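For reference, the chains in residue letters:
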Amino acid sequence: KAQSHLPLPLLARPLGTRHEVLGRHYVRQILTHLATIAGLTDAGRPVHFTPHDFRRLFATDAVNNGLPL
């Protein structure tokens, strides 16, 4: 079977004996749901995160802790 040429790394979850890649819209739904459950707000409005927000947070934290660019 041909391999997909998707950019890596991908978020995936086990599905039987294989792993299913999580799409960006599904990840966004999860993040919105968790922010709602946690009651996160900004000036009284619900907070919305994107997967890219977490990419930026990870990169900033990594650089601040000594990882070279």
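The model shown is predicted, which means the values in this text are computed figures rather than measured ones.

Trainee: Even after reading the chapter, I still don't get the overall build of the chain, so can you show me in this structure?
Mentor: From N to C terminus, the chain includes two helices and four strands. The secondary structure elements of the chain, listed N-terminal to C-terminal, are β-β-α-β-β-α. Intrachain contacts of the chain at a sequence separation of at least 6 include 7% that bridge at least 24 residues. Counting every atom, the chain has about 6,500 Å² of accessible surface; 61% of that belongs to carbon and sulfur.

Trainee: What is the right way to look at the pairing of strand 1 (residues 12–15) in this model?
Mentor: Consecutive side chains of a regular strand alternate in pointing toward one face of the sheet and then the other. The pairing of strand 1 with strand 2 (residues 18–21) spans four bridges and is classified as antiparallel. Considered in strand 2, the bridge of Ala12 is made with Val21. Adjacent in sequence and paired antiparallel, strand 1 and strand 2 are bridged by two residues, among which Gly16 carries a positive phi angle near 70°.

Trainee: Just to check I follow, could you spell out the environment of His52 for this structure?
Mentor: Turning to its location among the elements, His52 is positioned in helix 2 (residues 51–64). It is 9.7 Å that separates the C-alpha atoms of His52 and Arg28, two residues lying 24 residues apart in sequence.

Each value, and the rule that gives it
- Residues numbered from 1 in each chain as written.
- Predicted model: local features only at pLDDT ≥ 70, side-chain atom pairs only at ≥ 80, totals over all residues.
- Heavy atoms only, no water.
- Helix = DSSP H or I, 4+ residues; strand = E, 2+ residues; numbered from the N terminus.
- Contact = heavy atoms within 4.5 Å.
- Areas by Shrake-Rupley, 256 points an atom, 1.4 Å probe, with all protein chains shown as cover.
- Pairing = 2+ DSSP bridges.

Bear in mind that shape data such as this cannot, by itself, settle questions of function.
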